[in-house]
Structures are given as C-alpha cells and as structure tokens.
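Now for the letters of each chain:
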Amino acid sequence: GEVSAEDIANALELGTAAKQNASDLMQAINLKDASGLNQQQVNNSVVATIYTMNDLRAYKSTVHGKVINLLMHSGEYRGGGLFVFNSQSLVADDNGMHIKPTAIPQSSKGRWVRQTYGRLSTDDFGLNLRSNDVTATLQLMDSLADEITVNDGEYLISDFKPSKKYVFEDNA
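Quick notes on the rules
Residues numbered from 1 in each chain as written. Predicted model: local features only at pLDDT ≥ 70, side-chain atom pairs only at ≥ 80, totals over all residues. Heavy atoms only, no water. Helix = DSSP H or I, 4+ residues; strand = E, 2+ residues; numbered from the N terminus. Buried < 20%, exposed > 50% of the residue type's maximum accessible area, 1.4 Å probe, protein only. Contact = heavy atoms within 4.5 Å. Areas by Shrake-Rupley, 256 points an atom, 1.4 Å probe, with all protein chains shown as cover. Pairing = 2+ DSSP bridges. Core = buried A, V, L, I, M, F, W, Y, C linked by side-chain atoms within 4.5 Å. Phe/Tyr/Trp six-rings, centres within 6.5 Å; stacked < 30°, edge-to-face > 60°. Axes fitted to C-alpha atoms, helices over the stretch in contact; angles between N-to-C directions. Arc of directions from axis to C-beta.

K.L.:
Could you give an account of the overall build of the protein, naming the residues involved and the relevant values?
P.N.:
Secondary structure assignment for the protein yields four helices and eight strands. The secondary structure elements of the protein, listed N-terminal to C-terminal, are α-α-β-α-β-β-β-β-β-α-β-β. A total of 172 residues make up the protein; the buried ones form 34% of that total. Long-range pairs, those at least 24 residues apart, make up 37% of the contacts in the protein between residues at least 6 apart in sequence. Here the protein has roughly 10600 Å² of accessible surface; of this, 53% comes from carbon and sulfur atoms.

Listed below in structure tokens is the structure:
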C-alpha cells in the first residue's frame, strides 16, 4: 500500500499527457478547412432531405444557414424545394415561402425560407389540395415572385388582378 515518489511522478506525467491530448482534441475540433469552417460548422451545413412541410416544421435544427431539401409540400411529390434557416427572421408562417418551426414560439426569431430564384408555384403553397378560396395566397405569391406557375388543380378565386407573369400547366 505505500505510494512511491516514482508512482507520483508517473501519475503526474499521465495527467499531463491526458491534458495535452484533451487540448489537441479541442484544437482538432476547432480546426478550420480551406473554406474557414470547423467540423461542427461543416456538419451543420450539410443539406438534409425532409419529406413534407409538416416534417420541416418539426425539424429540430435551427442553425443559421442550414439548408433543407424539401421533397414535397403535402403529397404527390409536388411543391418541394430548397429552404435555408434564417435565425433572424420573424416573418409569419405562410405555408409556402416562410415556415416557422413548431419548437419556436410565434414571437421568437427563426424561420425556414424557401429559395425561389424569382419563381413560385401553387404547389409550393399546397394549393392543389385546397377547395377553399385561395385569393389571399395568390396575392401573397404575386408579391413574392416574378413568375408564378399555376399547377394542375381547381382553384376558387374571388377577386384577384395579377401583376406578374403567370404560367399555366397543361390541365390547369
């Protein structure tokens, strides 16, 4: 049971080595690649694929700049697209362009924002599955994009004067 001076020296040496290993590990975690990103930032920036708009709302990651590939709005593989998380956005959820995650309170910042490249479609807002008046959504779309594609479906529109270019799919 006695501890020798050599045992104490060995223990101190092991402790110093462990501290150095921990320091080396922390440096490795924070290493940046040629783009200036560390490993955690690279992991957070990888594009994830999500199936539906409800899945996007439930998605837990709220990392600014995170990219999501949405496969479809609600069904039939229609209305998908790329969304980027904007941690500063307070825009109301409009069911197509700006999506509020369910984990974020309405008054708190953080929204998924559709990347439109100047174009939107009625499928982007799930309008192909609606039987109610869609005038307000069309007016919103008209304010957000330069070109709107009207996809196959039946639409109840009450009073609407489009100001942008509208493209109608066959059978629309």
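K.L.:
Run through the sheet that holds strand β3 (residues 79–86), naming residues and quoting values.
P.N.:
Adjacent strands of a sheet form backbone hydrogen bonds with each other and so pair up, either parallel or antiparallel. Strand order across the open sheet formed by five strands is β1-β2-β3-β5-β4, with mixed pairing between neighbours. The sheet is open, and its two borders are formed by β1 (48–50) and β4 (98–99), each paired with just one other strand. Alignment of β3 against strand β5 (residues 111–114), held across four bridges, turns out to be antiparallel. Within β5, the residue paired with Phe83 across the bridge is Arg114.

K.L.:
Please give an account of the nonpolar core that cites residues and values.
P.N.:
Core analysis: the biggest nonpolar cluster contains 13 residues, and Leu120, Phe125, Leu127, Leu138 and Met141 have the highest contact counts within it. Mapped by element, the contributors of at least two residues to this core are α4 (135–144) and β7 (147–150). Setting aside residues up to four positions removed in sequence, Leu138 forms contacts with Thr122, Leu127, Ile157, Phe160 and Tyr166. Formed by 11 residues, the second largest nonpolar core is a distinct cluster that contains Ala48, Met53, Ile68 and Phe85.

K.L.:
I'd like a rundown of the packing of aromatic side chains, residues and numbers included.
P.N.:
What characterises a pair of aromatic rings is the spacing of the ring centres plus the angle enclosed by the ring planes. Tallying each qualifying case throughout the model produces three aromatic pairs. With 5.0 Å between their ring centres and 70 degrees between their planes, Phe85 and Trp112 make a pair best called edge-to-face. Here Phe85 is found in strand β3, whereas its partner Trp112 is found in strand β5, with 27 residues between them in sequence. Taken together, a centroid distance of 6.1 Å and an interplanar angle of 75 degrees make the contact between Phe160 and Tyr166 edge-to-face. The exposure classification of Phe160 matches that of Tyr166, with both residues buried. Among the aromatic residues, those joined into a cluster by ring pairs are Tyr59, Phe85 and Trp112.

K.L.:
Give me the sheet that holds strand β6 (residues 119–121): which residues, what numbers.
P.N.:
Taking strand neighbours across the sheet as the criterion, the three strands line up as β6-β7-β8 in an open arrangement whose pairing is parallel. Single-partner strands in this sheet number two, and they are β6 and β8 (165–168). Geometrically, the sheet is characterised by an average inter-axis angle of 25 degrees between neighbouring strands, direction not taken into account. Strand direction decides the pairing type here: β6 and β7, joined by three bridges, are parallel. By the bridge assignment for β7, Ser121 is matched with Thr149.

K.L.:
Provide a residue-level description of α4, including the pertinent values.
P.N.:
Of the residues making up α4, those classed as buried are Thr135, Thr137, Leu138, Met141 and Asp142. Along the axis of α4, the buried positions cluster into a sector of 160 degrees, meaning they face one direction only. Of the exposed residues in α4, those oriented more than 90 degrees away from the buried face are Ala136 and Ser143. Turning to α4, the residues buried within the fold contact β6, β7 and β8.

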